[in-house]
Amino acid sequence: MSLWEAVAVFVAGLGAGTINTIVGSGTLITFPVLLAVGLPPVTANVSNSLGLVPGSISGAIGYRRELRGQGRRVLRLATAALIGGLTGAVLLLALPSRTFDTVVPALIAVALVLVVAQPRLAAAVRARRARNGTVAHRDGGLALFVGLLLASVYGGYFGAAQGIIYLSLMGVLLSDDLQRVNALKNVLTALVNGVAAIFFLFVADFDWTAVALIAIGSALGGQLGATIGRRLPPTALRAVIVAVGLVAIVQLLLK
């Protein structure tokens, strides 16, 4: 890897760490850059997953204030993230690389619709519970657990727009502030990337130089993203999510 290629990978890691903490989809920045510097697709994917772990942890630490009072919720949903992330990592090495290509853009589009409609959907869910005399499950219930489990399988496999899918599910099924939901998303993403990374360390090929450059860049980006993200009001945050999601869909359809 030349000096300029190394700089490009580092900058991509910085951008990915920032955007992952705010929304998600940082993989759509780093993965193409790793391919451009000559890494094979699977090696690039594995190196990317390893490199983004420090960024996910950094973003979760940056949002620690919004995580207060969510300990029980984190523990419950962490199980889905860990099981799904490990399953996705195994599938990455077992399935053809194009398996999810036709599904992912549609998945992201549905997630974006849910993000945009989240205030009305959440209000409708609350109204229905009030009519039926039921109380919202503090942790989202079985529906959220299963949804995050499936989303985490995808996250361990590739992860582009994983954060958007998380936000769409939790935004509808949890009665909580969007910033607190975003903080939870950062923790779950860190767990998915972490368990996939540990698996890859033992069974997959990766490029240590790329991993190190992305790791340093994404860790710095995680702190930057936390600073920017928590200053965004809910409407602005949704606008950023939709913009990033649309770019992700276009990029995946054109690749």
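What you see is a predicted model; the values in this text were computed from it and never measured.

Procedures and definitions
Residues numbered from 1 in each chain as written. Predicted model: local features only at pLDDT ≥ 70, side-chain atom pairs only at ≥ 80, totals over all residues. Heavy atoms only, no water. Core = buried A, V, L, I, M, F, W, Y, C linked by side-chain atoms within 4.5 Å. Buried < 20%, exposed > 50% of the residue type's maximum accessible area, 1.4 Å probe, protein only. Helix = DSSP H or I, 4+ residues; strand = E, 2+ residues; numbered from the N terminus. Salt bridge = Lys/Arg side-chain N within 4 Å of Asp/Glu carboxyl O. Polar contact = N/O pair within 3.5 Å; in protein donor to acceptor, adjacent residues only side chain to side chain. Contact = heavy atoms within 4.5 Å. Phe/Tyr/Trp six-rings, centres within 6.5 Å; stacked < 30°, edge-to-face > 60°. Lys NZ or Arg CZ within 6 Å of the ring centre and 35° of its normal. Patch = residues over 30% accessible without salt bridge, like charges linked within 9 Å, V, L, I, M, F, W, Y side chains within 5 Å. Areas by Shrake-Rupley, 256 points an atom, 1.4 Å probe, with all protein chains shown as cover. pLDDT = per-residue confidence, 0-100. Axes fitted to C-alpha atoms, helices over the stretch in contact; angles between N-to-C directions. Left-handed = near helix turned anticlockwise from the far one by under 90°. Nonpolar A, V, L, I, M, F, W, Y, C, P; charged D, E, K, R; others polar.

Glancing now at the nonpolar core. L148, I164, M170 and L188 are the most contacted members of the largest nonpolar core, which has 64 residues in total. By residue number, the principal contributor to this core is helix α8 (residues 178-203), which donates 10 residues.

A few words now on the pattern of salt bridges. In this structure the tally under the stated criterion is two salt bridges. Among the ionic pairs, R65 bridges to E66, the shortest N-O distance being 3.8 Å. A residue is classified by how much of its surface remains accessible, and E66, at 11% relative accessible area, is buried. Close ionic contact of R230 with E66 constitutes a salt bridge, the shortest N to O distance being 2.8 Å. You can see R230 sitting in the loop between α9 (208-229) and α10 (234-254) and its partner E66 sitting in the loop between α3 (41-62) and α4 (71-94), a full 164 residues away along the chain. The network of salt bridges with shared partners includes R65, E66 and R230.

Right, let's talk about the side chain of Q70 for a bit. Looking at where Q70 falls in the secondary structure, it is placed in the loop between α3 and α4. Overall, Q70 belongs to the buried group, its relative accessible area being 1%. A distance of 2.8 Å separates a polar atom in the side chain of Q70 from the backbone oxygen of E66. Within the structure, the side chain of Q70 is placed 3.2 Å from the backbone oxygen of R180, a separation counted as a polar contact. Discounting chain neighbours no more than four positions away, the residues touching Q70 are D176, R180 and L184.

Let us look at the environment of S49. Tracing the chain through its elements places S49 in helix α3. Residue S49 is classed as buried on the basis of its relative accessible area of 7%.

Turning next to the packing of aromatic side chains. In the structure shown here, the tally under the stated rule is two aromatic pairs. On the basis of an interplanar angle of 85° and a centroid distance of 4.9 Å, the ring pair of F206 and W208 is categorised as edge-to-face. The cationic tip of R230 hangs over the ring face of Y63; the distance from NZ or CZ to the ring centre is 5.4 Å.

On the surface, V42, L93, I198, L201, F202, V203 and W208 cluster together into a nonpolar patch covering about 730 Å² of accessible area. Among the elements that take part in the nonpolar patch, α8 stands out by supplying four residues, more than any other. Mapping V203 onto the fold places it in helix α8.

Right, let's get into the confidence of the model for the chain. Confidence in the prediction of the chain, expressed as mean pLDDT, is 82, and 87% of residues score 70 or more. No element of the chain has a lower mean pLDDT than helix α5 (residues 104-132), which averages 69, and none a higher one than α9, which averages 92.

This next bit is on the packing of α4 against α8. When two helices pack together, their arrangement is captured by the angle between the axes and the distance separating the axes. Where α4 contacts α8, the two axes come as close as 8 Å, and the packing angle between them is 35°. Note that α4 runs across α8; the crossing there is right-handed. Contact residues: R73, V74, L77, A78, A81, L82, G85, L86, A89, V90, L92 and L93 in α4; L184, V187, L188, L191, V192, V195, A196, F199, F200 and V203 in α8. Split into classes, the residues belonging to the contact of α4 with α8 amount to 20 nonpolar, one polar and one charged.

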